[in-house]
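In case you want the letters, here they are:
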Amino acid sequence: MKEKNKTYIMITLSMFVTIGVVISPILRFEGFAPTAHFVNIVCSVFMGPWYSLANAILTAFIRMTFLSIPPLAVTGQVFGAVLSGILYRKTKGSIIAAVIGEIIGTGIIGAIISAPVMTLFLGNKNIALFYYIPSFFIATLLGGSVAFIFLKTLQGSNMLIKIQNSLGIQAYEKSKRPSKN
């Protein structure tokens, strides 16, 4: 990878972390942060699953440290971020697959894992295993819907493939707008 691409990738990742931290208080309450899911999906599509994971971890720990967010910041981001990026890659550029990855990864897997984590964190043994699924699932649907519209708009204007190419990230033909003859 060229030095220019490394710098551009790190700047882009830093911007995703910053955006994730700054907009996280918007529409956020315990177990419900749709803006985080928007950022996860967009980062997954722009940069891939591993950068999206790094974004989720960094964003979560900054939010926990400076915004006093509980460990839900981690469990509610990392699984969706990775699965979103993996499904986007496996389907060779399907934006809906990236959204579905976030919904399954966070809305179901992250929500289920959150219950025992929060039981340990709070010391409350009354948290049901499926307690967080409704709020996580609705939040991922909201954030995923906005991400889908945003990414489809970029795709339609051919900006998505330009962004991916400028980052040196795998771009897919689906990202190109069909030419009109």
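Residues numbered from 1 in each chain as written. Predicted model: local features only at pLDDT ≥ 70, side-chain atom pairs only at ≥ 80, totals over all residues. Heavy atoms only, no water.

## Some details on the overall build of the chain
Summing up its helical and strand segments, the chain has eight helices and zero strands in all. In terms of overall size, the chain behaves like a compact globule, its C-alpha atoms giving a radius of gyration of 16 Å where 181 residues would be expected to give roughly 16 Å. Based on the C-alpha atoms only, the size of the chain along its principal axes is roughly 60 × 35 × 25 Å. When contacts within the chain are restricted to residue pairs at least 6 apart in sequence, long-range pairs at least 24 apart make up 66% of them. For the chain, the accessible area works out to roughly 9200 Å², and carbon and sulfur atoms hold 71% of it. Taken as two groups, the 15 positive and 4 negative side-chain charges of the chain have centres that lie 7 Å from each other. (Helix = DSSP H or I, 4+ residues; strand = E, 2+ residues; numbered from the N terminus. Rg over C-alpha atoms; globule rule 2.2 N^0.38 Å. Contact = heavy atoms within 4.5 Å. Areas by Shrake-Rupley, 256 points an atom, 1.4 Å probe, with all protein chains shown as cover. Lys, Arg positive; Asp, Glu negative; His and termini not counted. Charge placed at Lys NZ, Arg CZ, Asp CG, Glu CD.)

## As for helix α6 (residues 95-122)
When the local axis directions of α6 are compared, the greatest deviation, roughly 40°, occurs at glycine 110. Directly after α6, the chain includes glycine 123, whose backbone phi takes a positive value near 75°. (Bend = angle between axes of the 7 residues up to and from the residue.)

## Digging into the nonpolar core
Phe46, Met47, Leu151 and Leu160 are the most contacted members of the largest nonpolar core, which totals 24 residues. Only α1 (3-23), α2 (34-47), α6, α7 (133-156) and α8 (159-167) provide two or more residues apiece to this core. What leucine 151 contacts, discounting residues up to four positions off in sequence, is Ile41, Val42, Val45, Phe46, Ile95 and Leu160. One finds Met118, Ile127, Tyr132 and Ile133 within the second-largest nonpolar core, a separate group that totals eight residues. (Core = buried A, V, L, I, M, F, W, Y, C linked by side-chain atoms within 4.5 Å. Buried < 20%, exposed > 50% of the residue type's maximum accessible area, 1.4 Å probe, protein only.)

## Looking at unusual backbone geometry
You will see that serine 68, though not glycine, has its phi angle at about 55°, which is positive. Looking at the secondary structure, you find serine 68 in the loop between α3 (49-67) and α4 (72-75). One non-glycine residue with positive phi stands out, namely asparagine 158, at about 65°. Here asparagine 158 lies in the loop between α7 and α8.

## Topic: the UniProt feature "transmembrane region" (unreviewed entry) in the chain
The UniProt record annotates "transmembrane region" (unreviewed entry) at residues 6-27, 68-88, 95-123 and 129-151. With 71% helix and 0% strand, the stretch residues 68-88 has end C-alpha atoms that lie 32 Å from each other. Across residues 129-151 one finds 83% helix and 0% strand; the C-alpha atoms that close the span lie 33 Å apart. (UniProt positions renumbered as here; feature names shortened; annotations may be inferred.)

## Some remarks on the packing of aromatic side chains
Applying the stated rule across the entire model yields five aromatic pairs. Put simply, the rings of Tyr131, Tyr132 and Phe136 pair up and form one aromatic cluster. (Phe/Tyr/Trp six-rings, centres within 6.5 Å; stacked < 30°, edge-to-face > 60°.)

## Some words on a nonpolar patch on the surface
On the surface, a cluster of nonpolar side chains totalling about 650 Å² of accessible area is made up of Phe79, Ile96, Ile100, Ile104, Ile108, Ile109, Ile113, Phe137 and Leu141. Put simply, the parts of the chain that give the nonpolar patch at least two residues each are α6 and α7. Along the chain, isoleucine 96 turns up in helix α6. For isoleucine 96, a relative accessible area of 45% translates into the label partly exposed. (Patch = residues over 30% accessible without salt bridge, like charges linked within 9 Å, V, L, I, M, F, W, Y side chains within 5 Å. Salt bridge = Lys/Arg side-chain N within 4 Å of Asp/Glu carboxyl O.)

## Looking at the side chain of threonine 119
Counting through the fold element by element, threonine 119 comes out in helix α6. Relative accessible area serves as the criterion here: at 18%, threonine 119 is assigned to the buried category. Threonine 119 has contacts with Asn124, Lys125 and Ile127, leaving out every residue within four places of it along the chain.

## Describing the packing of α6 against α7
Axis separation between α6 and α7 bottoms out at 9 Å; the angle between their running directions is 160°. With respect to α7, the axis of α6 lies roughly antiparallel. By crossing handedness, the relation of α6 to α7 is classed as right-handed. Only Ile133, Phe136, Phe137, Thr140, Leu141, Gly144, Phe148, Leu151, Lys152 and Gln155 of α7 make contact with α6, whose side of the interface consists of Ile95, Ile96, Val99, Glu102, Ile103, Thr106, Gly107, Ile108, Gly110, Ala111, Ile112 and Ser114. (Axes fitted to C-alpha atoms, helices over the stretch in contact; angles between N-to-C directions. Parallel < 35°, antiparallel > 145°, perpendicular 65-115°, else oblique. Left-handed = near helix turned anticlockwise from the far one by under 90°.)

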